[in-house]
Amino acid sequence: MKQPSQLTRLIWDFYRENEAELQQLRPLGQCKVYRRWGVLHIQCMNQDIADAVKSSPSLIQEPVVLMRLAHQIKISVKNTTVAVFDVNWDTIIA
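About the criteria used
Residues numbered from 1 in each chain as written. Predicted model: local features only at pLDDT ≥ 70, side-chain atom pairs only at ≥ 80, totals over all residues. Heavy atoms only, no water. Helix = DSSP H or I, 4+ residues; strand = E, 2+ residues; numbered from the N terminus. Rg over C-alpha atoms; globule rule 2.2 N^0.38 Å. Buried < 20%, exposed > 50% of the residue type's maximum accessible area, 1.4 Å probe, protein only. Contact = heavy atoms within 4.5 Å. Core = buried A, V, L, I, M, F, W, Y, C linked by side-chain atoms within 4.5 Å. Phe/Tyr/Trp six-rings, centres within 6.5 Å; stacked < 30°, edge-to-face > 60°. Lys NZ or Arg CZ within 6 Å of the ring centre and 35° of its normal. Pairing = 2+ DSSP bridges. Axes fitted to C-alpha atoms, helices over the stretch in contact; angles between N-to-C directions.

In this section: the overall build of the protein. Per the secondary structure count, the protein includes five helices and four strands. Beginning at the N terminus, the succession of helices and strands in the protein can be written as α-α-β-β-α-α-β-β-α. What you see for the protein is a C-alpha radius of gyration of 12 Å, in line with the 12 Å of a compact globule of 94 residues. Counting the 94 residues in the protein, one finds 40% classified as buried. Sequence-distant contacts, at least 24 apart, represent 52% of the contacts inside the protein between residues at least 6 apart.

Structure, rendered in structure tokens:
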């Protein structure tokens, strides 16, 4: 398997001192993660991985907000969008 993307490693690094949350985000390493036009795209290989990733949206949202990576998170499987989360800057920062 190839190396996780720089964005994936950045999100993992955010939780490096919290092993439980880091383990919840491990499936992210099996996805293609990239940014485009203010959207963080997470392309998963199958539905099981997508379900694992989208089960913890706040764990992905918090580092995305604090590092100002995107305004929206989109999770897809085989070019079909399965979840979209708006990044709520006010709620997490407040």
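There is more to say after this.
The next point concerns the nonpolar core. Within the largest apolar cluster, 27 residues are counted, with the highest numbers of intra-cluster contacts made by L40, I42, C44, V53, I60, I73 and I75. Of all the secondary structure elements, the ones that give two or more residues to this core are α1 (6-14), β2 (39-44), α3 (47-54), α4 (57-66), β3 (72-77) and β4 (80-86). If you tally residues by element for this core, the top one is α4, at four residues. Excluding residues within four positions of it along the chain, I60 makes contact with I11, L25, L40, I42, V53 and I73.

In this section: the packing of aromatic side chains. Under the counting rule described, the total for this entry stands at one aromatic pair. Taking the centre distance of 5.0 Å and the plane angle of 80° together, the rings of F14 and Y15 count as edge-to-face. Accessibility expressed as a relative area gives 4% for Y15, which makes it buried. Seen from the ring of W12, R26 lies directly overhead, with NZ or CZ sitting 4.6 Å from the centre.

Pairing in this open sheet of four strands is mixed, and the strands run β1-β2-β3-β4 from one edge to the other. Edge positions in the open sheet fall to β1 (32-36) and β4, since each of these has one partner strand only. The mean angle between the axes of side-by-side strands here comes to 20°, regardless of whether they run parallel or antiparallel. Those strands touched by α1 are β1 and β2, and its axis lies near 100° from that of β1.

So, on to the side chain of H41. Turning to its location among the elements, H41 is positioned in strand β2. Look at H41 and you get buried, because its relative accessible area is 16%. When sequence neighbours within four positions are dropped, the list of residues in contact with H41 reads K32, V33, Y34, R36 and K74.

Moving on, we come to α4. Those residues of α4 that fall on the buried side of the exposure criterion are L59, I60, Q61, P63, V64 and V65. Taken from the residues just after α4, R68 is the one with a positive phi, measuring 50°.

Here we take up the environment of C44. Mapped onto the elements, C44 comes out in strand β2. It is 18 Å that separates the C-alpha atoms of C44 and V64, two residues lying 20 residues apart in sequence. Setting aside anything within four residues of it in sequence, one finds C44 in contact with C31, I49, A50, V53, I75, S76, V77 and K78.

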